[in-house]
Amino acid sequence: MKQLYLFRHAKSDWRAAYDSDHARPLSKRGVRSAGLMGRFLNRLGLEPDLALTSTAVRARHTTELAQQAGEWNCPLVLCEEFYASTPAAVLAVVQRQESSLSRLLLTG
């Protein structure tokens, strides 16, 4: 059975200095939470086959931290389509992926 994991970026830092919403970073709490989620999926044996993430700093960093903490060996692909997107655009990205993938993780 195919599985789709939807990750929301971890807690961002509204007080940090950043040029645009796209560049908003994670808070300290967000950094911890991202790692916890990576380890959680690893313990459940739910490592994704592929991780797709928004190019937004907070989403990308969430996925990178989860991947590192969870020791996932899957590729990480940045998807510009995920930032300020529509459900139809996200679904189009999912539909373009290889049919051999069993577990696909999306972070936005």
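What counts as what
- Residues numbered from 1 in each chain as written.
- Predicted model: local features only at pLDDT ≥ 70, side-chain atom pairs only at ≥ 80, totals over all residues.
- Heavy atoms only, no water.
- Helix = DSSP H or I, 4+ residues; strand = E, 2+ residues; numbered from the N terminus.
- Expected span 1.5 Å × (residues − 1).
- Buried < 20%, exposed > 50% of the residue type's maximum accessible area, 1.4 Å probe, protein only.
- Contact = heavy atoms within 4.5 Å.
- Pairing = 2+ DSSP bridges.
- Phe/Tyr/Trp six-rings, centres within 6.5 Å; stacked < 30°, edge-to-face > 60°.
- Lys NZ or Arg CZ within 6 Å of the ring centre and 35° of its normal.
- 1 Å grid on protein atoms, 1.4 Å probe; cavity = no way out; pocket = protein on both sides within 12 Å on 5 of 7 lines; lining within 4 Å.
- Points joined across faces, edges and corners; volume = space filled by probe spheres on them.
- Nonpolar A, V, L, I, M, F, W, Y, C, P; charged D, E, K, R; others polar.
- Patch = residues over 30% accessible without salt bridge, like charges linked within 9 Å, V, L, I, M, F, W, Y side chains within 5 Å.
- Areas by Shrake-Rupley, 256 points an atom, 1.4 Å probe, with all protein chains shown as cover.
- Salt bridge = Lys/Arg side-chain N within 4 Å of Asp/Glu carboxyl O.
- Lys, Arg positive; Asp, Glu negative; His and termini not counted.
- Charge placed at Lys NZ, Arg CZ, Asp CG, Glu CD.

Moving on to helix H2 (residues 57-69). Across its 13 residues, H2 extends 18 Å between first and last C-alpha, which sits within 8% of the 18 Å expected from 1.5 Å per residue. The set of residues buried in H2 consists of Arg 58, Ala 59, Thr 62, Thr 63, Leu 65, Ala 66 and Gln 67. Buried residues along H2 sit in contact with strand S1 (3-7), helix H1 (28-43), strand S2 (50-54), strand S3 (76-79) and strand S4 (103-107). The first or second residue beyond H2 is Glu 71, which carries a positive phi of 55°.

In terms of burial, S2 is a largely internal element, 5 of the 5 residues being buried. Side-chain alternation along S2 places Leu 50, Leu 52 and Ser 54 on one buried face and Ala 51 and Thr 53 on a second face that is also buried. For S2 and S3, the ladder comprises 4 bridges, and the chain directions are parallel. Residue pairing across strands places Ala 51 opposite Leu 76, the latter belonging to S3.

Two aromatic rings are characterised by how far apart their centres lie and by the angle between their planes. On inspection of all chains with the given rule, the structure shows 1 aromatic pair. Taking the ring centre of Trp 14 as reference, the NZ or CZ of Arg 24 above it sits at 3.7 Å.

All right, on to the layout of surface pockets then. Considering only enclosed or pocket space, the largest pocket measures out at about 170 Å³ in volume. Looking at the largest pocket, the residues that line it are Lys 2, Gln 3, Leu 4, Val 94, Gln 95, Gln 97, Glu 98, Ser 99, Leu 101, Ser 102, Arg 103 and Leu 104. Looking at the lining of the largest pocket, the elements that each hand over two or more residues are S1, helix H3 (87-95) and S4. Considering only residue class, the lining of the largest pocket consists of 4 nonpolar, 5 polar and 3 charged.

Together, Arg 8, Lys 11, Arg 15, Lys 28, Arg 29 and Arg 32 give the surface a local cluster of positive charge. One can find Arg 15 in the loop between S1 and H1.

Take a nonpolar patch on the surface next. Taken together, Met 37, Phe 40 and Leu 44 make up a surface patch of nonpolar side chains, about 280 Å² in accessible area. Position of Phe 40 relative to the elements: it lies in helix H1. For Phe 40, a relative accessible area of 44% puts it in the partly exposed group.

Okay, the environment of Gly 30 next. Mapped onto the elements of the fold, Gly 30 is located in helix H1. Under the relative-accessibility criterion, Gly 30 is labelled buried at 0%. In this structure, the C-alpha to C-alpha distance between Gly 30 and Val 90, residues 60 residues apart in sequence, is 24 Å. With sequence-adjacent residues up to four places away left out, Gly 30 is seen in contact with Ala 10 and Lys 11.

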